[in-house]
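Summary of structural features
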Amino acid sequence: MKFFNIEKTSEGKARAGEIMTDHGKVQTPIFMPVGTVASVKTVHQRELKEDIKAQIILGNTYHLYLRPGMETMQNAGGLHKFMNWDLPILTDSGGFQVFSLSGSRKMSEEGVKFKSHIDGSYHLFTPEKSMEIQRQIGADIFMAFDECVAYPSGYNQVKASMEMTHRWLKRCIDWNEQNPELYGHKQRFFPIVQGSTYSDLRKISAEVISEAGAEGNAIGGLSVGEPEDELYRITDEVTDILPKDKPRYLMGVGTPWNILESIGLGIDMMDCVMPTRNARNAMLFTWQGVMNMKNEKWKNDFSPLDEFGTSFVDKEYSKAYVRHLFVSKEYLGKQIASIHNLAFYLDLVKVAREHIVAGDFYQWKNSVVPILRQRL
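Computed from a prediction, not measured in an experiment: that's the story for all the values here.

What counts as what
Residues numbered from 1 in each chain as written. Predicted model: local features only at pLDDT ≥ 70, side-chain atom pairs only at ≥ 80, totals over all residues. Heavy atoms only, no water. Pairing = 2+ DSSP bridges. Helix = DSSP H or I, 4+ residues; strand = E, 2+ residues; numbered from the N terminus. Axes fitted to C-alpha atoms, helices over the stretch in contact; angles between N-to-C directions. Polar contact = N/O pair within 3.5 Å; in protein donor to acceptor, adjacent residues only side chain to side chain. Contact = heavy atoms within 4.5 Å. UniProt positions renumbered as here; feature names shortened; annotations may be inferred. Salt bridge = Lys/Arg side-chain N within 4 Å of Asp/Glu carboxyl O. Buried < 20%, exposed > 50% of the residue type's maximum accessible area, 1.4 Å probe, protein only. Phe/Tyr/Trp six-rings, centres within 6.5 Å; stacked < 30°, edge-to-face > 60°. Lys NZ or Arg CZ within 6 Å of the ring centre and 35° of its normal.

1. So, the sheet that holds strand 9 (residues 122-125)
What the three strands build is an open sheet, ordered 7-8-9; its pairing is antiparallel. Only two strands of the sheet have a single neighbouring strand rather than two, namely strand 7 (105-107) and strand 9. Direction aside, the axes of adjacent strands within the sheet are offset by 15 degrees on average. When strand 7 meets strand 8 (residues 112-115), the two strands line up antiparallel, connected through three bridges. Residue Met107 lies in a different strand from strand 8, and its bridge partner there is Val112.

2. Some points on the pairing of strand 17 (residues 289-292)
Two faces belong to every sheet, and in a regular strand the side chains alternate between them. Summarising the sheet, strand 16 (residues 283-286) and strand 17 pair through four bridges and their orientation is antiparallel. By the bridge assignment, Leu284 is partnered in strand 17 with Met291. Hairpin geometry of strand 16 and strand 17 is characterised by an intervening segment of two residues between the two adjacent antiparallel strands.

3. Some words on the side chain of Arg353
Note on placement: Arg353 falls in helix 14 (residues 331-358). At 2.8 Å, the side chain of Arg353 forms a polar contact with the backbone oxygen of Gly17. If we skip the residues at most four places from it in the chain, Arg353 touches Glu7, Ala16, Gly17, Gln27, Thr28 and Pro29.

4. Re the UniProt feature "domain: tRNA-guanine(15) transglycosylase-like" (unreviewed entry) in the chain
Per the UniProt annotation, the sites labelled "domain: tRNA-guanine(15) transglycosylase-like" (unreviewed entry) are residues 13-368. Structurally, residues 13-368 comprises 45% helix and 17% strand, and the distance from its first C-alpha atom to its last is 18 Å.

5. Some words on the pattern of salt bridges
Counted according to the given criterion, the structure contains 19 salt bridges. Across the pair Asp268 and Arg15 runs a salt bridge, and its minimum N-O distance is 2.8 Å. In this pair, Asp268 sits in the loop between helix 10 (256-264) and strand 15 (269-271) while Arg15 sits in strand 2 (residues 15-21), placing the two residues 253 residues apart along the sequence. Both residues of the pair, Asp268 and Arg15, count as buried. Taken together, the salt bridges that share partners define one network made up of Lys13, Asp236 and Asp240.

6. Describing the packing of aromatic side chains
Considering all chains together, one arrives at 17 aromatic pairs under this definition. The interplanar angle of 55 degrees and the centroid separation of 5.3 Å between the aromatic rings of Tyr62 and Phe114 together place this pair among those described as tilted. Here Tyr62, found in helix 2 (residues 61-66), pairs with Phe114, found in strand 8; they are 52 residues apart in sequence, far enough to count as distant. The exposure classification of Tyr62 matches that of Phe114, with both residues buried. Pairing Phe114 with Phe125 gives two aromatic rings, centres 5.0 Å apart and planes at 90 degrees, and the pair type is edge-to-face. With a gap of eleven residues between them, Phe114 in strand 8 and Phe125 in strand 9 connect regions that are remote in the sequence. We note that Phe114, like Phe125, is buried. Just above the ring of Trp85 sits the side chain of Lys49; from NZ or CZ to the centre is 5.8 Å. A cation over a ring is seen here: Lys113 above Tyr122, with NZ or CZ 5.0 Å from the ring centre.

Below you can see the structure in the form of structure tokens.
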């Protein structure tokens, strides 16, 4: 079983492919909903599968290590069984979360000592520890332990951080070779390109990561506050170097228009908390543009939430009703908006894939991006 097959390439870098895992196949380009603590916030697993049509979801190593902890995780038989999700899962390494704790962490060559955001207890994440936890979680795809620097950061700091990420990568690979999977299904390892917005560093990192010969590769350290044109420039430069026959995962991206532009630059996989986080704050993404559901203009609009939406919430509830739920601070509003946004994101990449296969992706993308960006 080949892990990744490219079915169709377009006139540019965009491509339609298929990833094969022991928990099923994933059609790329794909968006992956984020299930940080073994739950995509406010959404049932059944809804993820049947209504949102997610093909793969994310779990978070740092959060799952702290809660429920690895003893419970192993007793359950891994994350798939624990959360009753039988499709593919990807876990990040915990590097980004530890980076986000900048006030309560200490970095060294060995790893990162950090203070739990839950109870203040101290923990040490090393490359080996991250690999061990990700074996215990048992995701189909798991990530190298890397350091992600803040944006902006000085050249020398970024260079030193990138070089440490490369040394840590070797330790990850060595540990993985000596410690097989725990649950009888294959886990695929992806290293991560770093280098912030410095082209020469990104080039070095992309070459080191390519040489590691992993089954897929990721681009990290973007979507951390840099301007959009920098995100696209670096992504374009890195996808020029990463092997064409392996999936490319752009971490933490993004808005609907970011997703389409990234697909156009040769990206196959993306994830982001934006569809759910923004949903909980009443922001809906649609094919017509962006809606703020708290706006007065929806107060007496009894038309369906989204006439072009693919999930049941789009037909069953009106704009006025969903606005009422948000204004009244009802939990159901957050649930409806989360299901809507995730279903929209999955529909977005599905339609993008159809246009890649049809051969008119770039023409289509350039016509829809301005519409997606407009505020309704």
